[in-house]
Amino acid sequence: MVKFSKQFEGQLVPEWKEAFVDYWQLKKDLKKIPLLNIENNATNKNKNKESSCTNNLISSIRKLPLFGPQRREHGVIQVHTKLAQTLSKGDLYETELLEQFADTEAAAEFFALLDLQLNKVNKFFRTKEKEFVERGESLKKQMEILIELKAALKQHHDIGTSSGQNSKEDESISGTISCDEESTKDRTEQEQDIENSIDEVNKNDGQLTDSPRSSEQEKSTSIKREDSKSKSLSERVINIQGKSLKIHIPLTNPTRTFSAISYLLRDDMINQSSKKCGTDGRKLHINRTKLKHAEKMIRGAFIELYKGLGYLQTYRNLNMLAFVKILKKFDKVTNKQVLPIYLRVVESSYFNSSDKALKLADDVEEIFIKHFAEDDKKKAMKYLKPAQKKESHAVTFFIGEFQKKESHAVTFFTGLFTGCFLALFVGYVIMAHITGLYRSQSDTIYMETVYPVLMFSLMFLHFFLYGCNIFMWRKTRVNYSFIFELAQTKELKYRDVFLICTASMSAVVGVLVLHLTLVAKGYSYNQTQAIPGLLLLAFIMLLVCPFNIIYKSSRYHFICVIRNIILSPLYKVVMLDFFMADQLCSQVPMLRNLEYVACYYITGSYKTQDYGYCMRTKYYRDLAYAVSFLPYYWRAMQCARRWFDEGHKSHLVNLGKYVSAMLAAGAKVAYEKEKNMGWLCLVIVMSSAATVYQLYWDFVKDWGLLQCHSKNPWLRNELMLRRKIYYYFSMGLNLVLRLAWLQTVLHYNFGSVDYRVTGLFLAALEVIRRGQWNFYRLENEHLNNAGKFRAVKTVPLPFHEVDEQD
């Protein structure tokens, strides 16, 4: 049977852990009571015999009604209620121990801590309930505005149809834009005020970029069009049916970005000579597309609100159960009847008696069913309470459909492919050693054409480390699904990741063994050169396969993330996007080898075995420079976009880190080409500066370590791992692996091993460094969320009412 402490820890909301009852500390305090009772009983054994007559006399006198109220006769404790200094804290509870506990100091400490926990739970519940209720009221207003605009659009459509006009899909209603500059407030100042009011939710570098804009907080009536044009691309002010509304549509994709930019350009051309406009001067159209996007935003906000209310209900139930369990333990240890007395206080306290959250949850269900699910409750619950996916993402090609969660089939096939990979790898190493392929005087054709396939395996090593990260994140209760905004019904579990890695590596090594066997048997390279290319083509076809097999949703999600990275200045950057871009920065050697392989097969060089053709071609050399820069360029553009969206200067400082990495990479590529002392000195200077820059950002910004005033020396106050040595070791390992660029200068080789094998080994070390970087990066992100008790995503709302000023 699972202990309650394990069950309690497994079911609590990770980001709210500090706000839950400290059940473990209460158990520690409870363990002190029996020891003291034994000591007291041994000391007072003789005294009790001598004073038995006196005690009987005193107890008889106390039974008389003149010597005190009867309620103290049967009670062992009394809980007092005190009014707090502020209404937000509510009532405070304090327990008084009666005569039976008068000589037990440990019991007094226990109840003092218990009162503290009860007051903490009530305060947090009241705060979160108020936050969700305010969010619910705001969403109801948003829903009313959306219904009104949809009704106006439908009325406009009916009028156009009755008058004989051709109905179009993009029919729209029009309103006037107000542009009074004197009453305008700069958008940057607005965002600063809002951020201060929500305790600077987006202050840290690694946090999600959505920030709320409630109608009560926005008091401006117009848009300032000179100093803040770039910051107001997605906002419009429209007056329709007597209401002035500010419409905020986030620039989340290239279409909206280009649309907003073209709107401003067109607006500048029309109003170049005028700084103010009248109420009838310009028209703004709200079409069905904009309303659909606004409806989607409101629907997402309702889903997140319902999720938060569910967490609040979990918070109530688990804390109530924790109080019951610890009081039962107390009664068992002390042989007193404390549970009925204190439990009545807990049951009547605010967190257990308030029903505002329950009523709001019912209202959200009703609204969602009516407006987003076509009065179908079952359909609505699929969005509000998504169940765990029952059909598997696993490989239906081998075993068909089976339940992914805790699947024995996934574990079986993972073990099977692991054994196949190890056997094939050992066989390949023995064959390569016998044939002498990886020595310095090796077969040049083989090394130039087949060896890059081994570099392709770095991607699966990276993926394997990601599976290890998932395992550790789950073990340490890091909510990676929330941080990456992954759907719980579709996300990959660590077993699935391991299955993909072992199956893929078995295929790669199996093809290499097949190819080497054919070469050893005397087959010509003309007959075998197509085999590595066919392997890479098979992986590409599998990645874009449209059929619902082999983790289709995860494959398509991966493709979408890569698309967002490539077009990063045009897409809004979220955590998963820049996290994946950081992974690509560690895969530059693999990308360069894949570039060579693509050139080798696309140009048909494999038919003539002219492996030097791509190296001699100018466009390939230029492309080699580009591939070395692209991951850093994409990451720098993401930093620029985040600065544009959020306005934090820390993103510009982070951008400088990737610029320094690009300069260092450019110096290395130039040195590999020229091989002179001038480029060598430049490589040393640029790489050293970039390394120091990157180490500072890794330790201080990304990992949150090296805090001077931390209770853990040179670490941070909160640590997810129990042993501090892991953090110190990881910092040292990160420092050593960051210096791998010295190989470019020293050209050190392991004995007679080919230099390409040395490069593969160093590239693998960089992937390992990134794998351990990933764990601490998300650990720091999770602690930032937990420090602000942020367990649900804040979805921006589209409509904001503004006050009109004449």
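Residues numbered from 1 in each chain as written. Predicted model: local features only at pLDDT ≥ 70, side-chain atom pairs only at ≥ 80, totals over all residues. Heavy atoms only, no water.

Considering the overall build of the chain
Now for step 1: What the chain contains, in helices and strands, is 32 helices and 7 strands.
Now for step 2: Every one of the 806 residues in the chain was classed for burial, and the buried ones make up 47%.
Now for step 3: The long-range share in the chain, meaning contacts at least 24 apart out of those at least 6 apart in sequence, stands at 74%. (Helix = DSSP H or I, 4+ residues; strand = E, 2+ residues; numbered from the N terminus. Buried < 20%, exposed > 50% of the residue type's maximum accessible area, 1.4 Å probe, protein only. Contact = heavy atoms within 4.5 Å.)

A short note on the nonpolar core
Now for step 1: Membership of the largest hydrophobic core comes to 80 residues, with the highest contact counts inside it found for Trp 16, Phe 110, Leu 114, Phe 302, Tyr 342 and Phe 799.
Now for step 2: Of the domains in this structure, domain 1 (4–37 + 76–138 + 298–384) and domain 3 (702–805) are the two that each give at least three residues to this core.
Now for step 3: In this structure Phe 110 touches Leu 26, Asp 29, Leu 30, Ile 33, Ile 326 and Phe 330, once residues within four positions along its chain are discounted.
Now for step 4: Listed in part, the 43 residues of the second largest apolar core include Trp 473, Leu 492, Val 573 and Leu 705. (Core = buried A, V, L, I, M, F, W, Y, C linked by side-chain atoms within 4.5 Å. Domains from an automatic or database assignment.)

A short note on the pattern of salt bridges
Now for step 1: Under the counting rule described, the total for this entry stands at 18 salt bridges.
Now for step 2: In this structure, Asp 702 engages Arg 777 in a salt bridge whose closest nitrogen and oxygen atoms are separated by 3.6 Å. Placement of Asp 702 in helix H29 (residues 677–702) and of Arg 777 in helix H32 (residues 755–787) is noted, with a sequence separation of 75 residues between them. Arg 777 matches Asp 702 in its accessibility class, with the two residues each being buried.
Now for step 3: Counted as one network, the salt bridges with shared partners bring together Asp 698, Arg 738, Glu 766 and Arg 769. (Salt bridge = Lys/Arg side-chain N within 4 Å of Asp/Glu carboxyl O.)

Description of the state of the cysteines
Now for step 1: Within this structure, the stated rule accounts for 1 disulfide.
Now for step 2: Shown here is the disulfide that connects Cys 599 with Cys 614, its sulfur atoms set 2.0 Å apart. Here the S-S torsion is close to -100°, and the disulfide linking Cys 599 with Cys 614 is therefore left-handed. Here Cys 599 is found in helix H24 (residues 588–602), whereas its partner Cys 614 is found in helix H26 (residues 613–616), with 15 residues between them in sequence. Exposure class is identical for Cys 599 and Cys 614. Each is buried.
Now for step 3: The thiol of Cys 639 is unpaired, and the distance to the nearest cysteine sulfur, on Cys 585, comes to 9.5 Å. (Disulfide = S-S within 2.5 Å.)

Overview of a nonpolar patch on the surface
Now for step 1: The grouping of Phe 425, Val 426, Val 429, Ile 430 and Ile 434 at the surface amounts to a nonpolar patch, some 480 Å² of accessible area in total.
Now for step 2: Inspection of the secondary structure puts Ile 430 in helix H15 (residues 408–435).
Now for step 3: When its relative accessible area of 47% is taken as the criterion, Ile 430 is described as partly exposed. (Patch = residues over 30% accessible without salt bridge, like charges linked within 9 Å, V, L, I, M, F, W, Y side chains within 5 Å. Areas by Shrake-Rupley, 256 points an atom, 1.4 Å probe, with all protein chains shown as cover.)

Focus: the environment of Ser 730
Now for step 1: With respect to the helices and strands, the residue Ser 730 is situated in helix H30 (residues 725–738).
Now for step 2: Excluding its chain neighbours within four sequence positions, the residues that come into contact with Ser 730 are Trp 703, Gln 772 and Tyr 776.
Now for step 3: Within polar-contact distance, the side chain of Ser 730 engages the backbone oxygen of Tyr 726 at 2.9 Å.
Now for step 4: A polar contact is formed between the side chain of Ser 730 and the side chain of Tyr 776, at a distance of 2.6 Å. (Polar contact = N/O pair within 3.5 Å; in protein donor to acceptor, adjacent residues only side chain to side chain.)

Here's the deal with the environment of Phe 789
Now for step 1: Structurally, Phe 789 is set in the loop between H32 and strand S7 (799–801).
Now for step 2: The contact partners of Phe 789, leaving out residues within four places of it in the chain, are Glu 15, Trp 16, Glu 18, Ala 19, Phe 124 and Lys 128.

Concerning the environment of Asp 331
Now for step 1: As for its position among the elements, Asp 331 is in helix H9 (residues 288–334).
Now for step 2: Those residues in contact with Asp 331, other than ones at most four positions away along the chain, are Lys 336, Gln 337, Val 338, Leu 339 and Pro 340.
Now for step 3: Of the polar contacts made by the side chain of Asp 331, one reaches the backbone nitrogen of Leu 339; its length is 3.0 Å.

Some words on the packing of aromatic side chains
Now for step 1: According to the stated counting rule, one finds 42 aromatic pairs in the structure shown.
Now for step 2: Note on Phe 110 and Phe 111: the rings are 5.4 Å apart at their centroids and 85° apart in plane angle, and the pair reads as edge-to-face. Of the two residues examined, Phe 110 and Phe 111, each falls in the buried class.
Now for step 3: Where Phe 699 meets Trp 703, the ring centres are 5.7 Å apart and the plane angle is 50°; that geometry is what we call tilted.
Now for step 4: For Trp 703, a relative accessible area of 0% translates into the label buried.
Now for step 5: Among the aromatic residues, those joined into a ring-pair cluster are Phe 4, Phe 8, Trp 16, Phe 20, Tyr 23, Trp 24, Phe 124, Tyr 311, Tyr 315 and Phe 789.
Now for step 6: When the ring centre of Trp 24 is taken as origin, the NZ or CZ atom of Lys 17, which lies over that ring, is 5.9 Å away.
Now for step 7: Positioned above the aromatic ring of Trp 697, the side-chain terminus of Lys 701 is 5.9 Å from the ring centre. (Phe/Tyr/Trp six-rings, centres within 6.5 Å; stacked < 30°, edge-to-face > 60°. Lys NZ or Arg CZ within 6 Å of the ring centre and 35° of its normal.)

A few points about helix H21 (residues 530–543)
Now for step 1: Over its 14 residues, H21 runs 20 Å from end to end, which matches the ideal 20 Å to within 8%, given 1.5 Å per residue.
Now for step 2: When H21 is considered as a whole, its buried residues turn out to be Ile 531, Pro 532, Gly 533, Leu 535, Leu 536 and Phe 539. (Expected span 1.5 Å × (residues − 1).)

Overview of the packing of helix H17 (residues 451–475) against H32
Now for step 1: Following both chains from N to C, one finds H17 and H32 inclined at 20°, their axes separated by 9 Å at the closest point. Judged by the angle between their axes, H17 and H32 are roughly parallel. Every pair of crossing elements has a handedness; the one defined by H17 and H32 is right-handed.
Now for step 2: The residue inventory of the contact of H17 with H32, partitioned by class, reads 16 nonpolar, 5 polar and 2 charged. (Axes fitted to C-alpha atoms, helices over the stretch in contact; angles between N-to-C directions. Parallel < 35°, antiparallel > 145°, perpendicular 65-115°, else oblique. Left-handed = near helix turned anticlockwise from the far one by under 90°. Nonpolar A, V, L, I, M, F, W, Y, C, P; charged D, E, K, R; others polar.)

Quick word on unusual backbone geometry
Now for step 1: We note that Tyr 551 has phi near 60°; this positive angle belongs to a residue other than glycine.
Now for step 2: Tracing the chain through its elements places Tyr 551 in the loop between H21 and helix H22 (552–566).
Now for step 3: Taking relative accessible area as the criterion, Tyr 551 reaches 3% and is therefore assigned buried.
Now for step 4: Phi is positive for Leu 706, close to 60°, though the residue is something other than glycine.
Now for step 5: Structurally, Leu 706 can be placed in the loop between H29 and H30.
Now for step 6: By relative accessible area, which is 31% here, Leu 706 ends up partly exposed.

Notes on the confidence of the model for the chain
Now for step 1: Across the chain, pLDDT averages 78, with 73% of residues at or above 70.
Now for step 2: Long-range and interchain partners of residues 272–284, a stretch whose pLDDT sits below 50, account for 29 contacts in this model, where long-range means more than four residues apart.
Now for step 3: Predicted confidence for residues 389–405 stays below pLDDT 50, and this span has 39 contacts to residues more than four positions away or in other chains. (pLDDT = per-residue confidence, 0-100.)

Topic: the side chain of His 515
Now for step 1: By the secondary structure assignment, His 515 is in helix H19 (residues 494–520).
Now for step 2: If we ignore the near neighbours within four places in the chain, the residues touching His 515 are Tyr 446, Val 450, Thr 528, Gln 529, Ile 531 and Pro 532.

Examining a positive patch on the surface
Now for step 1: A cluster of basic side chains, namely Lys 3, Lys 6, Lys 28, Lys 31, Lys 325, Lys 328, Lys 329, Lys 332, Lys 475 and Arg 722, defines a positive patch on the protein surface.
Now for step 2: Among the elements that line the positive patch, the one with the most residues is H9, at 4 residues.
Now for step 3: For Lys 329, the position within the fold is in helix H9.
Now for step 4: Classification of Lys 329 by relative accessible area gives partly exposed; the value is 36%. (Lys, Arg positive; Asp, Glu negative; His and termini not counted. Charge placed at Lys NZ, Arg CZ, Asp CG, Glu CD.)

Observations concerning the packing of H9 against helix H10 (residues 339–348)
Now for step 1: At a minimum axis separation of 10 Å, H9 and H10 run at an interaxial angle of 165°. Compared by their axis directions, H9 and H10 come out roughly antiparallel. As H9 runs across H10, the sense of the crossing is right-handed. Mapping the contact onto sequence places Met 320, Phe 323, Val 324, Leu 327, Lys 328 and Asp 331 in H9 and Leu 339, Pro 340, Tyr 342, Leu 343, Val 346 and Glu 347 in H10.
Now for step 2: Classifying every residue of the contact of H9 with H10 gives 9 nonpolar, no polar and 3 charged.

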